[in-house]
Amino acid sequence: MAERGQLPLPPAKRLCCRPGYGAGCRPGQRPGSGGGVVAEGNVVVAGPSSVAFPPALAAAYAAALGVLPLGKTQSPESLLDIAARRVAEKWPFQRVEERFERIPEPVQRRIVYWSFPRSEREICMYSSFNAGAAAAGASGAEDAASAANGNGNGNSNAAAAAPAAPGAGSTALGSPGTASPATGSSNSGGGAPNALPGGGGAGGGGGAAGGGAAEASADENRLPFRRGIALLEGGCVDNVLQVGFHLSGTVTEPAVQSEPETVCNVAISFDRCKITSVTCSCGNKDIFYCAHVVALSLYRIRKPDQVKLHLPISETLFQMNRDQLQKFVQYLITVHHTEVLPTAQKLADEILSQNSEINQVHGAPDPTAGASIDDENCWHLDEEQVQEQVKLFLSQGGYHGSGKQLNLLFAKVREMLKMRDSNGARMLTLITEQFMADPRLSLWRQQGTAMTDKYRQLWDELGALWMCIVLNPHCKVEQKASWLKQLKKWNSVDVCPWEDGNHGNDLPSLTHALPQGVNAIQDSSNRSHRTVFTRAIEACDLHWQDSHLQHIICSDLYTNYCYHDDVENSLFDSHGWPLWHEHVPTACARVDALRSHGYPREALRLAIAIVNTLRRQQQKQQEMFRFQKKELLHKGITNITNLEGWVGHPLDPIGTLFSSLMEACRVDEESFHVFSDFTDNMGQCRSLDYYHLPTHKFLEEGETFLTLAVEVALIGLGQQRIMPDGLYAQEKVCRNEEQLISKLQEIELDDTLVKIFQKQAVFLLEAGPYSGLGEIIHRESVPMHTFAKYLFTSLLPHDAELAYKTALRAMRLLVLESTAPSGDMSRPHHIASVVPNRYPRWFTLSHIESQQCELASTMLTAAKGDVRRLETVLESIQKNIHSSSHIFKLAQDAFKIATLMDTLPDITLLKVSLELGLQVMRMTLSTLNWRRREMVRWLVTCATEVGVYALDSIMQSWFTLFTPTEATSIVATTVMSNSTIVRLHLDCHQQEKLASSARTLALQCAMKDPQNCALSALTLCEKDHIAFETAYQIVLDAAATGMSYTQLFTIARYMEHRGYPMRAYKLATLAMTHLNLSYNQDTHPAINDVLWACALSHSLGKNELAAIIPLVVKSVKCATVLSDILRRCTLTTPGMVGLHGRRNSGKLMSLDKAPLRQLLDATIGAYINTTHSRLTHISPRHYSEFIEFLSKARETFLMAHDGHIQFTQFIDNLKQIYKGKKKLMMLVRERFG
């Protein structure tokens, strides 16, 4: 035997767990030993109730249980092969050498032969993200490999391997930013081969989601695993040689487009059925194996007998004599003299030197001789590339699909855990280190800003994965201690994200939390913030040594029928079935850990025990509430019974139980560990069907995994729990609730499931403080609107009474009710009170209100045609919905449903719509709402559809619904319109009655708000003399006090238009008393009204003109306006011009006598004052404009008999006073002398 050297060996790696058993085999059970009977194409499975399956399902189930097809036989393996295979799986070759002094060459050959991996699933896992389709391909060829291996169990590893983690997309991870070839071209030169088309690998995304089946198939073909299969099937693998534990060969990459054909040299080292190192001359830079490594590996698996197999080179050298050894070395140097000659000479010098280090070691290293005892047995993983890729994705900040790529990495970690590959924890450690080194964490902490929602979800998944890892039921103590040390190190970093976002968490610790009771209450002020790693750190204190727990997960026969179910935390229920009393999220974390580490049956057993425990607790809680019901109802207040809700919880306990149970009843080839032909199924999407599979021993008669999954989901969704603090935590509650309901909606309800719904709905209604639908709930408990809507739609076709009762109970939203109690500070037995007595910060309140509105709308739609239910729903809406916008939406929805085009209007639903509209009017009457006018118009439309009595009713009670302006300008005007009369087919009597109500409304509005309603009132009362006179008097009464000149002028013009000039004149004079035009307001909007008022007075006669001119002189100081009025008054005779400008001959008024003399003097004075005002701040650019102004002033001056003299004196005064403005005065002299 050649002796193994001690130098230069690589440092020992971590020990890696053995590839585990599949879900179809428990430890100690070989594939093929399962129960079951095959008969006439159907499988009958023994159990409490036998179930016959269809033939297709029978085949899958039989294969899963190891039942061989009838008539098929297997050749027995030789004892040598059986022993060699077991040794090759478990023992490092150095231990074999040390254990036995001489190992026969045939034995060595079989050990070396069996040491190469025999399952393609691991090759697939390490060469692509496509854990589903590619895995099918991995198994598709393993049957052929089995035959080639010379035994009937060549596929045992694949059959035993747990299925890949679901949800992993078909996206390969490449080097982002590097363009990828259009097809499967050569890998030389970078990391593009695994990238998707259209840019870097990070930007590709999932093919199936982006471009349909064709694109998905094309992307799938670019995966390294698929490309490796293509190279293998294309005959591109050659020169394959296995020397000991070293495999080498060449893989030819065919020429593609402009790229020439390339030959890649591939070398693979392996140990104990794991590939421990790979090298390829293509220069691939990626986390996973390149296509050439895949091709060579699959060649060895599928065609083992075509591979030249040699013992380790040290064994060959041991058989040579001195001459042969010298010839061997010289020929080796001759063939590769340029590469190895310097090294050969250096080694020769050291060997010839007696004191050299190389002579101090016995033997020499052999890279083909397998692993040493100290070497860790794990698959090759490029740690540096993992770190670089994660760092790159994080630096992209969520762009180019980096978030999706990181999720794919997490999915790969879960896949490794399920395969019981220790690289899962190793890879997650590398990922976590890069996450903790993300510079954005410090930046966000300094700025006080929150991380993005998608990034926050990545951290959540990181924490959940660590929880799974530390709860590995078979991890070693030193391993867990190492993880705990690392987790505490990360946890202590200041920038480590908190569990609930950027807010503290007052939840009890993981290991000390109780399902109920006052012991769960801790002093929140003494609790530190919980990070994303806190739960994993706490989980390190958990263990699996509890004998009761071990019996639960290891046996389907663990019962105790003599056990009395009297103790609160009893180990068995009244049926004798095992229960598991533990903090529910913690217990469910155990289930998730079992599933994640490839123990689906054990996870299922524990999940069933937990669900049975929850159902027993439900019964106990219901009994407890019945005992305390009178006391609690008398108090009218209650407390939160769960400090942390199960839906939206960081550990997602309900989601875990639901998924575990659903996987047990989902029928597809993956769940049964039966892998069909790869080439037949590649790229095909399988539909998931759910069956009531054979019942478990610990289920009630007629119950199945499916019914249990649905029931536990309903239990979790109906739990009363407090709304958590912080935006992210609250959004997570809503998101997880919707996700769970979405999964439930995928299940088609049958009679069995309907009974489950009825059972849980009744419990939720009668469970008091333990249910979110109990009679009295805490005001800060999470609302049930979304859940109740799902319950309502599910129960409605089967039990309408229960459906409505459930939905109506859920309509409440106590947090918005000011009279709602804030919580009882006492602590009754088994009820943990919540201390905060403050108005909660519900960041998701708008979403919650919209869900409340959706629930109400669903009930309204369903209740169409049922008067009693519509009235009940209306009452609930009016009582519980506090948002006017949502009530308005409901009113609109009800109106649309009631007036569908293909049916007659539903008058009851129309009345409901009207009532809701009236409530909106009352709610928004005294508040600002930008949709108010839309709401008012809609209400009038709705009332019109209801009938004339509804219109009359809203006008009679207008003051509780509308502002005076709305009542007159919208309501009354619409009611009086011809379109309304035609729409309602009103007779004369009905028209008069409506008109009378409208006039009464108009007068009342005018009294209350004359400024805005007087004109509308006059318009509405035109056809009734008494009402019109009353409205006019209201205007006169208000004119002296509250009305503006604009409003009065508007009404005055209306009066003139209606043929009341004297009334118009009176209102115009009243308007003039409110007006004030200064000297520089020559563009004021009231100027036209002043000119109109003067023209009206002039047309009425001298007396009216004489009365208004003093008002004009007092109110108007603008010279240009006064001069315009003066000029108009001198052109025609007062009283001789009609309203439309008709002229008549007559004597013009004198400017030397009143009232025009007063107007002329005022105009001249206004020009003088305006001139001085303008000269105070005049600039040279305004000089020409000023000269034109003086020219207009001169025209006015000259209208007086001594105007020339006055103007000359005025100019002389200007020259004297403003002589400093030389240029301006020069212009004045040039124009005016």
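Residues numbered from 1 in each chain as written. Predicted model: local features only at pLDDT ≥ 70, side-chain atom pairs only at ≥ 80, totals over all residues. Heavy atoms only, no water.

*Asks:* How should I be thinking about the overall build of the protein chain in this particular structure?
*Replies:* A tally of helices and strands in the protein chain yields 51 helices and nine strands. Expressed as a percentage of the 1233 residues in the protein chain, the buried residues total 54%. Pairs at least 24 apart in sequence give 74% of the contacts found in the protein chain among residues at least 6 apart. Total accessible area on the protein chain stands at roughly 55,600 Å², and carbon and sulfur atoms take up 54% of it. (Helix = DSSP H or I, 4+ residues; strand = E, 2+ residues; numbered from the N terminus. Buried < 20%, exposed > 50% of the residue type's maximum accessible area, 1.4 Å probe, protein only. Contact = heavy atoms within 4.5 Å. Areas by Shrake-Rupley, 256 points an atom, 1.4 Å probe, with all protein chains shown as cover.)

*Asks:* Got a minute to help me understand the pairing of strand β4 (residues 246–253) in this structure?
*Replies:* Each regular strand carries side chains that alternate between the two faces of the sheet. Of all eight residues in β4, six are buried, a share of seventy percent or more. In this sheet, β4 lies alongside strand β3 (residues 237–243) in antiparallel orientation, the contact comprising five bridges. If you follow L241 over to β4, its bridge partner there is S248. Connecting β3 to the next strand, β4, in antiparallel fashion are two residues, including G244 with a positive phi near 60°. (Pairing = 2+ DSSP bridges.)

*Asks:* I keep staring at the pattern of salt bridges and nothing clicks. Help me out?
*Replies:* Pairing is possible between side chains of opposite charge, provided their charged atoms come close. In the structure shown here, the tally under the stated rule is 44 salt bridges. Across the salt bridge formed by R1053 and D1089, the nearest N and O atoms sit 3.0 Å from each other. Placement of the pair is R1053 in helix α43 (residues 1045–1057) and D1089 in helix α45 (residues 1087–1100), with a sequence separation of 36 residues. Judged by its relative accessible area of 33%, R1053 is partly exposed. One connected set of salt bridges, linked through shared partners, spans E499, R530, R535, E538 and E644. (Salt bridge = Lys/Arg side-chain N within 4 Å of Asp/Glu carboxyl O.)

*Asks:* I keep staring at helix α10 (residues 224–233) and nothing clicks. Help me out?
*Replies:* Helical periodicity: at 3.6 residues per turn, an α-helix aligns residues three or four positions apart in one direction. Most of α10 is tucked away: eight of the ten residues are buried. When we look at burial in α10, the residues that qualify are P224, F225, R226, R227, G228, I229, L231 and L232. Phi turns positive one or two residues past the end of α10, at G235, with a value near 70°.

*Asks:* Sorry, what's going on with the packing of aromatic side chains here?
*Replies:* Pairs of aromatic rings are described using the distance from one ring centre to the other and the angle between the two planes. Evaluation of the coordinates by the stated rule reveals 26 aromatic pairs. Relative to Y804, the ring of F792 lies with its centre 4.9 Å away and its plane at 80°, an arrangement referred to as edge-to-face. Remark: Y804 occurs in helix α31 (residues 800–810) and F792 occurs in helix α30 (residues 785–795); sequence separation between them is twelve residues. A residue is classified by how much of its surface remains accessible, and Y804, at 5% relative accessible area, is buried. Aromatic side chains F1197 and F1210 sit 5.7 Å apart centroid to centroid with 15° between the ring planes, which places their arrangement in the stacked category. Of this pair, F1197 sits in helix α49 (residues 1183–1197) while F1210 is found in helix α50 (residues 1203–1217), placing the two residues 13 residues apart along the sequence. Here the aromatic residues F410, F435, W444, Y455, W459, W466, W490 and F533 are joined through ring pairs into a cluster of three or more. Across from the ring centre of Y113, 5.0 Å away, lies the NZ or CZ of R300, which sits over that ring. It is R1063 that lies over the ring of Y1032; its NZ or CZ is 4.5 Å from the centre. (Phe/Tyr/Trp six-rings, centres within 6.5 Å; stacked < 30°, edge-to-face > 60°. Lys NZ or Arg CZ within 6 Å of the ring centre and 35° of its normal.)

*Asks:* Where do I start with the sheet that holds strand β5 (residues 262–271) in this structure?
*Replies:* Pairing between sheet strands relies on hydrogen bonds along the backbone, with the strands arranged either parallel or antiparallel. The strand order across the open sheet formed by five strands is β6-β5-β4-β3-β7, and the pairing between neighbours is mixed. The two strands at the open ends of the sheet, each matched to only one other strand, are β6 (274–280) and β7 (308–310). Sheet twist, expressed as the average angle between the axes of neighbouring strands with direction ignored, equals 20°. Pairing of β5 with β6, which is carried by six bridges, proceeds in the antiparallel orientation. The residue bridging D271 from the neighbouring strand is K274, located in β6. Across the sheet, α10 touches β3 and β4, and the angle it forms with β4 is around 85°. (Axes fitted to C-alpha atoms, helices over the stretch in contact; angles between N-to-C directions.)

*Asks:* In this structure, what is going on with the packing of helix α28 (residues 727–745) against α30? I would like to understand it.
*Replies:* For any two helices packed against each other, the geometry is given by the interaxial angle and the distance between the axes. Direction vectors running N to C along α28 and α30 enclose 10°, while the axes themselves pass 10 Å from each other. As judged from the angle between their axes, α28 and α30 are roughly parallel. Contact residues: E737, E738, I741, L744 and Q745 in α28; T786, F787 and Y790 in α30. Residue composition of the contact of α28 with α30, grouped by class: four nonpolar, two polar and two charged. (Parallel < 35°, antiparallel > 145°, perpendicular 65-115°, else oblique. Nonpolar A, V, L, I, M, F, W, Y, C, P; charged D, E, K, R; others polar.)

*Asks:* Where do I start with the environment of E388 in this structure?
*Replies:* Along the chain, the position of E388 falls in helix α15 (residues 383–395). Spatially, the C-alpha atom of E388 lies 9.7 Å from that of I431, the residues being 43 residues apart in sequence.

*Asks:* Explain unusual backbone geometry here, please?
*Replies:* Negative phi values dominate among residues other than glycine, just as trans dominates among peptide bonds. In this structure, R420 is a non-glycine residue whose phi angle is positive, near 55°. With respect to the helices and strands, the residue R420 is situated in the loop between α16 (402–418) and α17 (423–436). Here the phi dihedral of D652 falls at roughly 50°; this positive angle occurs in a residue that is not glycine. You can see D652 is positioned in the loop between α24 (600–635) and α25 (653–664).

*Asks:* How do you make sense of helix α11 (residues 291–302) when you look at a structure like this?
*Replies:* Compared with an ideal rise of 1.5 Å per residue, which puts twelve residues at 16 Å, α11 spans 16 Å between its outermost C-alpha atoms and is within 8% of the ideal. Across the twelve residues of α11, twelve count as buried, placing the element largely inside the fold. (Expected span 1.5 Å × (residues − 1).)

*Asks:* I'm lost on the environment of S969 in this one. Help?
*Replies:* Its location among the elements puts S969 in helix α38 (residues 964–975). S969 gets classed as partly exposed once you look at its relative accessible area, which sits at 31%. Through-space distance from the C-alpha of S969 to that of N1012 is 9.3 Å; in sequence the pair is 43 residues apart. A polar atom in the side chain of S969 sits 2.5 Å from the backbone oxygen of T965. (Polar contact = N/O pair within 3.5 Å; in protein donor to acceptor, adjacent residues only side chain to side chain.)

Nothing here speaks to function; it is all geometry.
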